[in-house]
Number of protein chains: 2
Amino acid sequence: MLIGELACQTGSTTKAIRFYEAQGLLPPPARTAGGYRDYGEDANARVSFIHAGQAIGFTLGELREVIAFRDHGQTPCAHVAALLEHKAKEVDVRLAELVELRKTLQGLRDRAAHLDPADCPPASVCHLILPNLPVQKHNIGRIVNG
Amino acid sequence: MLIGELACQTGSTTKAIRFYEAQGLLPPPARTAGGYRDYGEDANARVSFIHAGQAIGFTLGELREVIAFRDHGQTPCAHVAALLEHKAKEVDVRLAELVELRKTLQGLRDRAAHLDPADCPPASVCHLILPNLPVQKHNIGRIVNG
DNA sequence: CTTGACCTTACAGTATAGGGCAAGGTGTAG
DNA sequence: CTACACCTTGCCCTATACTGTAAGGTCAAG
């Protein structure tokens, strides 16, 4: 199977598959006489695994770790379970931040409805946006591939 | 006021302030005889405005738009209000995605507790991570500066 | 023999918000 | 005169997961 067919079957792209190989997520495949990558059937499962992992918020780096366990002859289940715990906590943190941000935004929308633009002081650009608003955490973070 | 003092007063850095200027968020300040940036008191409010905007999830690009209204002699309130609406919707979407992801992760943690690593088939790397899991949206996105 | 689809590598660019470092000028204190 | 703090510009680097483009090789069909 050439790279294009693998990409097609997995809903991926040839670029992505070469990238996964470069990142150590896919083993370097055999080559045809002409130098083309020649994949076996198991490649399909590997690429699907990568996509499934990305869908639940794993980075390629994390998936590489998981795959490394397999390549060392170990079951990656325990490591995956640990990653799941960590991810869940991460998501909880993000959720809390987002809920807080949502409240702040709602408060500002209410303010916007009551303040008169004519009273907006030029020096501070806009009176809708003021310091000391209750959002100090900065980002939401990428949980699943960007 | 030199750039270091402005940075200190606003809790920013000289790099960041020069960056804001390069991005059109701060007007090019006067210069001393020696070529140093020489800020007036209003610069303080501008930088604080930028930080406040970032804290509620505005990108520098969005803040530049807001500032542009002021620089064109208009009140930016209406535009800010529109941005707030948009941001709030964005956050709602992220929240929904994250909640869904959180559920999926919880389901996988439960599965991990019941599956035996000895049954994990090497071909698919790990039986904890399977396709068709109910998370299709990909990223959480940055809402506030990273 | 040529066309076209497919493949190869390598380099650059995307978005965001700066940080790090180099090489050098300025200004004040001792 | 020298040390030292501060300033200048300019260029590259960070993370993530690729995509785009260039320049060229392979292979089957017509």
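Residues numbered from 1 in each chain as written. Chains lettered and ligands numbered in written order. Predicted model: local features only at pLDDT ≥ 70, side-chain atom pairs only at ≥ 80, totals over all residues. Heavy atoms only, no water.

Participant: Looking at this structure, how should I read the overall build of chain A?
Facilitator: Along the backbone of chain A there are 5 helices and 2 strands. Walking chain A from its N terminus toward its C terminus, one meets helices and strands in the order α-α-β-β-α-α-α. Approximately 7300 Å² of chain A is accessible, and the part contributed by carbon and sulfur atoms is 56%. (Helix = DSSP H or I, 4+ residues; strand = E, 2+ residues; numbered from the N terminus. Areas by Shrake-Rupley, 256 points an atom, 1.4 Å probe, with all protein chains shown as cover.)

Participant: Would you mind going over the protein's contact with DNA strand C with me for this structure?
Facilitator: The full set close to DNA strand C counts 20 residues, and A:Gly4, A:Arg18, B:Lys15, B:Tyr36 and B:Gln54 are the nearest of them. B:Leu60 is positioned such that a nitrogen or oxygen atom in its backbone is 3.5 Å from a phosphate oxygen of DNA strand C. Those elements giving two or more residues to the surface near DNA strand C turn out to be α1 (3-10) and α2 (14-22) of chain A together with α2 (14-22) of chain B. With 4 residues, the top contributor of residues to the surface near DNA strand C is α2(B). In the surface near DNA strand C, the residues fall into 8 nonpolar, 7 polar and 5 charged. (Near = heavy atom within 4 Å. Polar contact = N/O pair within 3.5 Å; in protein donor to acceptor, adjacent residues only side chain to side chain. Nonpolar A, V, L, I, M, F, W, Y, C, P; charged D, E, K, R; others polar.)

Participant: Would you take a moment to explain the protein's contact with DNA strand D for this structure?
Facilitator: As a matter of local geometry, DNA strand D sits amid 20 residues, with A:Lys15, A:Tyr36, A:Gln54, B:Gly4 and B:Arg18 nearest to it. Of what DNA strand D places within 4 Å of the protein, 65% of the atoms are sugar or phosphate. Residue B:Gly4 places a main-chain N or O atom 2.6 Å away from a phosphate oxygen belonging to DNA strand D. Between DNA strand D and the protein, one listed contact pairs a phosphate oxygen with a side-chain N or O atom of B:Arg37 at 2.8 Å. Elements with a contribution of two residues or more to the surface near DNA strand D: α2 of chain A together with α1 (3-10) and α2 of chain B. The greatest single-element share of the surface near DNA strand D, amounting to 4 residues, is contributed by α2(A).

Participant: Before we go on, may I ask you to explain the environment of B:Pro121 in this structure?
Facilitator: Mapped onto the secondary structure, B:Pro121 falls in the segment after α5 (77-114). The class of B:Pro121 is partly exposed, set by a relative accessible area of 34%. Remark: the alpha-carbon pair of B:Pro121 and B:Asn44, spanning 77 residues in sequence, is separated by 61 Å. Excluding anything up to four places from it in sequence, B:Pro121 contacts A:Arg70 and B:His127. (Buried < 20%, exposed > 50% of the residue type's maximum accessible area, 1.4 Å probe, protein only. Contact = heavy atoms within 4.5 Å.)

Participant: Would you explain the nonpolar core in this entry?
Facilitator: The nonpolar side chains of a soluble globular protein tend to be buried, and buried together. If you look at the biggest cluster of nonpolar residues, it comprises 74 residues, and the most contacted ones within it are A:Phe49, A:Ile50, B:Phe49, B:Ile50 and B:Ile129. If near-sequence neighbours (up to four positions away) are discounted, B:Ile50 is found in contact with B:Tyr20, B:Leu25, B:Leu26, B:Leu60, B:Leu63 and B:Ile67. (Core = buried A, V, L, I, M, F, W, Y, C linked by side-chain atoms within 4.5 Å.)

Participant: Just to check I follow, could you spell out the domain arrangement of chain A for this structure?
Facilitator: Interface size is often expressed as the accessible area that is lost when the parts come together. Per the domain assignment, the segments making up chain A are domain 1 (3-71) and domain 2 (93-124). For domain 1 of chain A and domain 2 of chain A, the distance between their C-alpha centroids amounts to 45 Å. (Domains from an automatic or database assignment.)

Participant: Explain helix α3 (residues 41-55) of chain A to me, please; I cannot follow it from the model alone.
Facilitator: Each α-helix turn comprises 3.6 residues. Residues three or four places apart therefore point the same way. Residue and element names in this part refer to chain A. With 15 residues, α3 extends 22 Å from end C-alpha to end C-alpha; this agrees with the ideal 21 Å at 1.5 Å per step. The set of residues buried in α3 consists of Ala43, Asn44, Arg46, Val47, Phe49, Ile50, Ala52, Gly53 and Gln54. Elements that come into contact with the buried residues of α3 comprise α1, α2 and α4 (60-71). Immediately beyond the C-terminal end of α3, within one or two residues, lies Gly57, with a positive phi of roughly 90 degrees. (Expected span 1.5 Å × (residues − 1).)

Participant: Honestly, the packing of helix α4 (residues 60-71) of chain B against α5(B) in this entry has me stumped. Any pointers?
Facilitator: Two packed helices can be described by the angle between their axes and the distance between those axes. Residues and elements named next belong to chain B. Packing of α4 against α5 brings their axes to within 10 Å, and their N-to-C directions diverge by 160 degrees. Considering the angle they form, α4 stands roughly antiparallel to α5. The chirality of how α4 crosses α5 is right-handed. Contacts from Glu62, Glu65, Val66 and Phe69 in α4 reach His79, Val80, Leu83 and Lys87 in α5. (Axes fitted to C-alpha atoms, helices over the stretch in contact; angles between N-to-C directions. Parallel < 35°, antiparallel > 145°, perpendicular 65-115°, else oblique. Left-handed = near helix turned anticlockwise from the far one by under 90°.)

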